[in-house]
Structure formats: structure tokens, C-alpha cells
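Here is what each chain is made of, one letter per residue.
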Amino acid sequence: MNIYFSPKQPYSLSSVIRSHGWIQLLPFENLDDHQAFAYTLQMNDGKVLRFEVHEEDDKISVTVPDELSDLELRELRQTISWMLALDVDLSDFYKVAMEEPRLQKAIRKSAGRILRASSLFEDVLKTILTTNTLWAATISMNRRLVEHFGTPLAEAPEIHAFPTASTLVNVSEDELKEKVRVGYRAPFIHDLALRTSEGSLDLEAYRNSTLTTAELKKELLGLKGIGPYAAAHLLMLIGRYDFIPIDSWALKMVSLEWHNGDPVKPKDVENAFERWGQFKGLAYWMWDWTNMP
DNA sequence: GGTAGACCTGGACGC
DNA sequence: GCGTCCAGGTCTACC
């Protein structure tokens, strides 16, 4: 059966899917060349299901299995709404960004909402897999993690959900190194799974936290394997845009754009977008670096 | 607070 | 096929 969502306009599913590389990481599956996607989810009751998300005019259509209970259906609606950033309202940013030529292309595409995983546990773990490595290696590590430790879909055992914290807490660091090839990240992942499964860390509470963004950043920096780049990236996913996820690419782009290709430091990247205040990260994220507004 | 070096994997490259 | 080099953030020790 299909369930429907009516996102606040302007909204573009394709722009959400293209917002960053998450669509390339299992259990996401890219469909119709970034026009739709599928995702395999393990629900709170342990059930694993695969759903497909499409855009139909101004509505989002999600194909789900028929036999869901009301409770499961409610959980699924909440999860999909979160993943598609349907709760995010960018109208205040759009108002000021309209005046900036380098942001107009993104605004025309209704960009700015960022694709999220079904849980912040998954987002944090995937973010750790993006650090200090090439993107191709991130894809490989994530694929091995899902295939080795994710619960399979009953009707298609080759498809897996993302592994839960309670599963990963029983995977040793050596096993993570050998089977997933995560290297020095193994203790970071194990610690994240342990703290999440025992309840001392409630990542999902960050979604509606009353903490300031700076306080939230401090909390994220307290997680092993999460440094300034990863913390800023996660804040963007949560919907806090006060910080820029500064990686080597950001340094390169700012260097070329404003410093004649000379080496720049993270502070220079911050300074370049300082005028955007609480939307600094979003302005950076949506910036058109191609010189073609 | 800032800096240097170690941490790992995997791809590119030269032989 | 093998060895070497390099890219990519974070952590820790040190100043």
C-alpha cells in the first residue's frame, strides 16, 4: 500500500536525495537516477521492511508493506518524515539568500533540506566512516558493516537493514577491523554502540534538544571519533546551521574563491561565511562554486 | 590554544 | 605483482 505526505512547499525530493552522499550508502538505494529511493529499515519491534519513496506532484508517496500494525505505521510515518526533513522550514533563510547570486541556483531547486538516516545513531556512525578517508572507502566500509551485521529482509536475504547498536555492541573491535576494515575507527564505533545500547547516550534526543547549538556541538565533540568537521556535519543534519563542516574540500574551495589559491585555515572558511550568522553552514552547503549563479 | 605526529585503508603510480 | 606514496579528520602529547 501507499502512504502519502504533503511537505510544506517549496519542496523537492530530488534535491533532498542529492543533498549529500548518504544516498550512496546502504541501506539507501538510489532509484530512477536520484528521483526516488528505497530504504531498508529495522523497526523498534525488530521487524525489517523495505520501502520506496517517490514524488507525485506536490506529494511524497511511500510504498510500504500491507501488513503493518497501527503502531508500526505511526513509527514509519515519523521515521520517514524525519529522513526527508519534512519538519525543516527554510523560509527565513530563503528570504535573505535570495539576494545572493551564488545561492540562487540552489534556491531555484528548492535545495537545503538534507537527507537523514532513520536514526542519529546511523548518522553518527556513518559520519565516523567519512572521516580521514576517501569517499570510495567510506562506501566500502559502510557496505561491509551493513552486509555483515545488518538484519536481513525476510523476503530478500541479500538486502539488510543498518545494524543496531545492540547488535554492534556484541561485535568486537578486532571483528570490526577484520570484517569491516574500519581500522583505528573500531574503538570509536564500539564505544558509540556500547553507550547507545546501555542508554548512557541518547542521540535521538538531540533532534529536539533545547541546548544551544554551541552546547550541542560540545556534546557531539565528546563522542570518540567526532571532531570539529564531523560535529558540524551532524549539526547540519539535525537542522542547526551555525557551524561549517570544514574538510579539505572546503579549504580548497575557499582558497580558490577568495584567496587566489593560497593556503587557508579553518578560520578563513568561517570568516568567509560569517555574515550568514545562524545560517552559515547552510550558505556554505548551498554555495554555487561553479561561478555560474 | 596551537602544533606535530600517529593512526589506517585503499587507490595511484612506478618498477 | 610488489613496494611506495598519498589523501583523508581525529586523537594525544607536548609546548
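Note that the coordinates shown come from a computational prediction; the quantities given were computed from them, not determined experimentally.

A few words now on the protein's contact with DNA strand B. Around DNA strand B lies a shell formed by Asn132, Arg144, Arg181, Gly183, Tyr184 and Lys265. Each atom of DNA strand B within 4 Å of the protein was assigned to sugar, phosphate or base; sugar and phosphate come to 93%. A distance of 3.4 Å is found between a sugar or linking oxygen of DNA strand B and a backbone nitrogen or oxygen belonging to tyrosine 184. In terms of residue class, the surface near DNA strand B is made up of one nonpolar, two polar and three charged.

Right, let's get into empty space enclosed by the protein. Within the structure shown, the criterion is met by one cavity of 30 Å³ or more. The volume enclosed by the largest cavity comes to roughly 40 Å³. Lining of the largest cavity is provided by Val124, Ile128, Phe188, Asp191, Leu192, Arg195, Leu201, Leu223, Lys224 and Ile226. It is helix H9 (residues 186-198) that contributes the most residues to the lining of the largest cavity, four residues altogether. Broken down by class, the residue content of the lining of the largest cavity amounts to seven nonpolar, no polar and three charged.

This part takes up the confidence of the model for chain A. For chain A, the mean per-residue pLDDT works out to 95, and 99% of the residues sit at or above 70. By mean pLDDT, the top-scoring element of chain A is strand E3 (residues 36-42) (98), and the lowest-scoring one is helix H12 (residues 248-258) (92).

There is about 1,100 Å³ of room inside the largest pocket. Taken together, 32 residues line the largest pocket, and the ones lying closest to its centre are Arg18, Ser19, His20, Trp249 and Trp285. For the lining of the largest pocket, the element with the highest residue contribution is helix H14 (residues 280-286), accounting for three residues. Class assignment of the residues belonging to the lining of the largest pocket gives a composition of 13 nonpolar, 13 polar and six charged. Each pocket or cavity is described by its volume, and for the second largest pocket that value is around 590 Å³. Contributing to the lining of the second largest pocket are 26 residues, with Gln42, Asn44, Ser118, Ser119 and Glu204 lying nearest its centre. Put simply, the parts of the chain that give the lining of the second largest pocket at least two residues each are E3, helix H2 (70-83), helix H5 (120-130) and helix H7 (165-168). Top contributing element to the lining of the second largest pocket by residue count: E3, with four residues. By residue class, the composition of the lining of the second largest pocket is ten nonpolar, eleven polar and five charged.

So, about the pairing of strand E7 (residues 156-160). In regular strands, side chains alternate between the two faces of the sheet. Where strand E6 (residues 152-153) lies against E7, two bridges are found, and the strand directions are antiparallel. Looking at E7, one finds that leucine 153 is bridged to alanine 156. Taken together, E6 and the strand that follows it, E7, pair antiparallel across an intervening segment of two residues.

A separate point is the sheet that holds strand E5 (residues 59-63). On the basis of which strands lie adjacent, the open sheet formed by five strands has the order E1-E5-E4-E3-E2 and antiparallel pairing. Bordering the open sheet on either side are strand E1 (2-5) and strand E2 (28-31), each of which pairs with just one other strand. Across the sheet, the axes of successive neighbouring strands diverge by a mean angle of 25 degrees, strand direction being ignored. Of the strand pairs in this sheet, E1 and E5 are connected by four bridges, and their pairing is antiparallel. Its bridge partner being in E5, asparagine 2 is matched across the sheet by threonine 63. Taken strand by strand, H2 contacts E1, E2, E3, strand E4 (48-56) and E5, and its axis lies near 45 degrees from that of E1.

Conventions and cut-offs
Residues numbered from 1 in each chain as written. Chains lettered and ligands numbered in written order. Predicted model: local features only at pLDDT ≥ 70, side-chain atom pairs only at ≥ 80, totals over all residues. Heavy atoms only, no water. Near = heavy atom within 4 Å. Polar contact = N/O pair within 3.5 Å; in protein donor to acceptor, adjacent residues only side chain to side chain. Nonpolar A, V, L, I, M, F, W, Y, C, P; charged D, E, K, R; others polar. 1 Å grid on protein atoms, 1.4 Å probe; cavity = no way out; pocket = protein on both sides within 12 Å on 5 of 7 lines; lining within 4 Å. Points joined across faces, edges and corners; volume = space filled by probe spheres on them. Helix = DSSP H or I, 4+ residues; strand = E, 2+ residues; numbered from the N terminus. pLDDT = per-residue confidence, 0-100. Pairing = 2+ DSSP bridges. Axes fitted to C-alpha atoms, helices over the stretch in contact; angles between N-to-C directions. Contact = heavy atoms within 4.5 Å.

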